[in-house]
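Here's the letter readout for the chains.
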Amino acid sequence: MISAPHILQVKVITPMDKDEFGRPIPGTGGESWQDVCKCRCDENTTKEFSSDNGSVYRPNFHVVCEKRITVKAGDEVRCMDGDNVRGQGEVYTVKNTNFFNYSELWM
């Protein structure tokens, strides 16, 4: 990959701990963002996808990652440009290459 100026992060949700009676303990659990890899995040202006039921959708962002990733469709991700969010959303589809060490995703 020539340029990977952004960082791909995935949202991690930690469930609340429970006491001995199965009740949630306040102040435990929560959401956080975990770094996945360096990437390049571009606004998507042309690529459209068709779902199995025939619906057509156009993702807002196309992300190229510098390595093969384990992110899957339905995960919530964001691309960070320093301290600024470049793009954020739900992953529509992920494509891993067979011979090259990179992945693409659309969100």
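In the block above lies the structure referred to throughout.
A quick note: this is a predicted structure, and the numbers were derived from the prediction, not measured.

**Q** Go over the sheet that holds strand β7 (residues 84-90) with me, naming the residues and quoting the values.
**A** Each strand in a sheet pairs with another by means of backbone hydrogen bonds, the pair being arranged parallel or else antiparallel. The seven strands lie next to each other as β7-β6-β1-β2-β5-β9-β8, forming an open sheet whose pairing is antiparallel. In the strand order of this sheet, the two ends are held by β7 and β8 (93-96), each with one partner. Sheet twist, expressed as the average angle between the axes of neighbouring strands with direction ignored, equals 30°. Sheet analysis places strand β1 (residues 6-14) next to strand β2 (residues 30-43), joined by nine bridges and oriented antiparallel. The residue of β2 that forms the bridge with V12 is S32.

**Q** Help me get a handle on the pattern of salt bridges, residues and values and all.
**A** Counted according to the given criterion, the structure contains five salt bridges. With a shortest N-O distance of 3.6 Å, K72 and D75 are connected by a salt bridge. Taken together, the salt bridges that share partners define one network made up of K11, E31 and E76.

**Q** I'd love a proper account of the pairing of β2, names of residues and values included.
**A** Strand direction decides the pairing type here: β2 and strand β5 (residues 61-65), joined by five bridges, are antiparallel. Within β5, the residue paired with C41 across the bridge is V63.

**Q** With reference to specific residues and values, describe the nonpolar core.
**A** Grouped together as the largest cluster of nonpolar side chains are 15 residues, with contacts concentrated most on L8, V63, C65, V77, L105 and M107. Elements represented by at least two residues in this core include exactly β1, β2, β5 and β6 (76-81). Apart from the residues within four sequence positions on either side, L8 is in contact with Q34, D35, V36, C37, C39, V63, C65, I69, V77, R78, C79 and L105.

**Q** Requested: an account of the environment of F100, with residues and values cited.
**A** With respect to the helices, strands and loops of the structure, F100 is situated in the loop between β8 and β9 (103-106). Judged by its relative accessible area of 56%, F100 is exposed. Once the C-alpha coordinates of F100 and R68 are considered, the two residues, 32 residues apart in sequence, prove to be 8.8 Å apart.

**Q** I'd like a description of the side chain of D75, backed by residues and values.
**A** Inspection of the secondary structure assignment puts D75 in the loop between β5 and β6. A polar atom in the side chain of D75 sits 3.0 Å from the backbone nitrogen of K72. Each residue touching D75, except ones within four places of it in the same chain, is listed here: V10, G89, E90 and V91.

Conventions we followed
- Residues numbered from 1 in each chain as written.
- Predicted model: local features only at pLDDT ≥ 70, side-chain atom pairs only at ≥ 80, totals over all residues.
- Heavy atoms only, no water.
- Pairing = 2+ DSSP bridges.
- Helix = DSSP H or I, 4+ residues; strand = E, 2+ residues; numbered from the N terminus.
- Axes fitted to C-alpha atoms, helices over the stretch in contact; angles between N-to-C directions.
- Salt bridge = Lys/Arg side-chain N within 4 Å of Asp/Glu carboxyl O.
- Core = buried A, V, L, I, M, F, W, Y, C linked by side-chain atoms within 4.5 Å.
- Buried < 20%, exposed > 50% of the residue type's maximum accessible area, 1.4 Å probe, protein only.
- Contact = heavy atoms within 4.5 Å.
- Polar contact = N/O pair within 3.5 Å; in protein donor to acceptor, adjacent residues only side chain to side chain.

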